[in-house]
Amino acid sequence: MNATATEKLQFRNVDIHSIPILRKYLSMATSRTCDYTLAGIYMWAGYFHYKYAIAADTLFIKGVAENNLQLPAFSLPIGRLPLNESIRILREYCYERNKTLTLSAVPADIIQPLYEIGNITTQELTDWADYLYNAADLATLKGKPYNKKRNHINRFCSDNPGWQMEVITQRNIQEITDFYKTYGQPAVDSCYVTAVVEHDQTMRVLQNYFSLGFEGVALRTPSHGIVAFAIGEYCLDTLFVHIEKMRHDVSGAGETINKLFAEHMLKLHDITFINREEDVGDPGLRAAKMSYHPCSILKKYNVTFI
């Protein structure tokens, strides 16, 4: 007797113990969107109710839609199975529950292949598009478009002689964590619940940093100690900047950590692009991300099979 889709897909919680399994399959992802990175799953597992299953050497992730936490949804499966076969399993799984299949955060270049599999409707997730940059641009900040960024960095260097960039190690992780406890609290008037979630998950990353395989740097000054840090993940030809925090009262700290991290990672890896992820509809974040002149906006969609 053939196994049902429910029997094939035994979903489990995403936790620190699932990191090696998730990493194996997420390394097969071909999209440059942040949803198919380890941090994209691990940091947001609680918010989006992610669970994972492995079937036929393929990773399946279920949760909820990025723009509707009441709508059950799945990520694109990643692994050995062809797309049409993994979608067939998901449609079966939903049929057994009298539900229709919705995929969330589908990259734009996968829409046409999904049209070829079945009848679908699509909805663009405008607040969840990723900002993609040429890595060399952020590492050098050359040219007139980056005049203001360079001025901020020059101001920081002038105000803080003796500043240093440090790789995150066992020697400074506690100091970085203490810095974030002090300066990383979301604004009390923030209307974005994702800001609170991100704060809590950043603490979770710092507490488990050396089990996750991420890379990061911190910025230190003689008078203030740690004033900024950044943590990211290198996949394919892209650096995904998952976390970037700074003291806003130290002029130029944000621009400086941004450039230093890009420069540092380009020396270590063959990076072409840097993904600085979404703005989640926050106008301030949107303006900040646009000020670095993205080379592309990576659109995402909800896709429902009808």
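Preceding this paragraph is the structure being described.
Small disclaimer: the values here were computed from a predicted structure and weren't measured.

Participant: Before we move on, could you go through the pattern of salt bridges and cite the residues and values that matter?
Facilitator: This structure, assessed with the given rule, holds 16 salt bridges. Linking R88 and E92 is a salt bridge whose minimum nitrogen-to-oxygen distance equals 2.4 Å. Separated by 4 residues within a single helix, R88 and E92 lie in helix α4 (residues 83-95), roughly one turn from each other. Among the residues examined, R88 registers a relative accessible area of 32% and is labelled partly exposed. Given a relative accessible area of 27%, E92 falls into the partly exposed group. The partner of D130 in a salt bridge is K300, and the shortest N-O contact between them spans 2.8 Å. Separated by 170 residues along the polypeptide, D130 in strand β8 (residues 130-134) and K300 in strand β15 (residues 300-305) bring together distant segments of the chain. The same class applies to D130 and to K300, which are both buried.

Participant: So what about the environment of E7? Which residues, and what values?
Facilitator: You can see E7 is positioned in helix α1 (residues 5-8). Taking the relative accessible area as the measure of exposure, E7 reaches 49% and is therefore partly exposed. With 218 residues separating them along the chain, E7 and G225 place their C-alpha atoms 54 Å apart. Here T4 takes part through its backbone nitrogen, which lies 2.8 Å from a polar atom of the side chain of E7.

Participant: Tell me about the layout of surface pockets, and name the residues and values.
Facilitator: The space that makes up the largest pocket amounts to roughly 1,400 Å³. Forming the walls of the largest pocket are 50 residues, and the residues nearest its centre are E198, E244, K245, L285 and K289. When contributions to the lining of the largest pocket are tallied by element, the ones reaching two or more residues are α3 (38-42), α8 (173-183), α9 (193-207), β12 (238-246), α11 (253-268) and α12 (283-290). Top element by residues in the lining of the largest pocket is β12. It accounts for 6 residues. Here the residues of the lining of the largest pocket sort into 23 nonpolar, 14 polar and 13 charged.

Participant: Pulling in residues and values, what's your account of the packing of aromatic side chains?
Facilitator: In total, this model carries 13 aromatic pairs according to the counting rule given. When the centroid spacing of 5.5 Å and the interplanar angle of 75 degrees are considered together, the rings of F11 and Y93 count as edge-to-face. Highlighted residues: F11 in the loop between α1 and β1 (12-13) and Y93 in helix α4, separated in sequence by 82 residues. The residues F11 and Y93 share a single accessibility class, namely buried. Between F74 and Y93, the ring centres sit 5.9 Å apart and the planes meet at 85 degrees, which makes this aromatic pair edge-to-face. You can see F74 sitting in strand β4 (residues 68-74) and its partner Y93 sitting in helix α4, a full 19 residues away along the chain. Exposure remark for F74: the relative accessible area of 7% places this residue in the buried category. Aromatic ring contacts, followed pair by pair, group W44, Y47, F48, Y50 and W128 into a single cluster. The positively charged end of R97 is found above the aromatic ring belonging to Y93, 3.7 Å away from the centroid.

Cut-off values and rules
Residues numbered from 1 in each chain as written. Predicted model: local features only at pLDDT ≥ 70, side-chain atom pairs only at ≥ 80, totals over all residues. Heavy atoms only, no water. Salt bridge = Lys/Arg side-chain N within 4 Å of Asp/Glu carboxyl O. Helix = DSSP H or I, 4+ residues; strand = E, 2+ residues; numbered from the N terminus. Buried < 20%, exposed > 50% of the residue type's maximum accessible area, 1.4 Å probe, protein only. Polar contact = N/O pair within 3.5 Å; in protein donor to acceptor, adjacent residues only side chain to side chain. 1 Å grid on protein atoms, 1.4 Å probe; cavity = no way out; pocket = protein on both sides within 12 Å on 5 of 7 lines; lining within 4 Å. Points joined across faces, edges and corners; volume = space filled by probe spheres on them. Nonpolar A, V, L, I, M, F, W, Y, C, P; charged D, E, K, R; others polar. Phe/Tyr/Trp six-rings, centres within 6.5 Å; stacked < 30°, edge-to-face > 60°. Lys NZ or Arg CZ within 6 Å of the ring centre and 35° of its normal.

That's the geometry; what it means functionally is another story.
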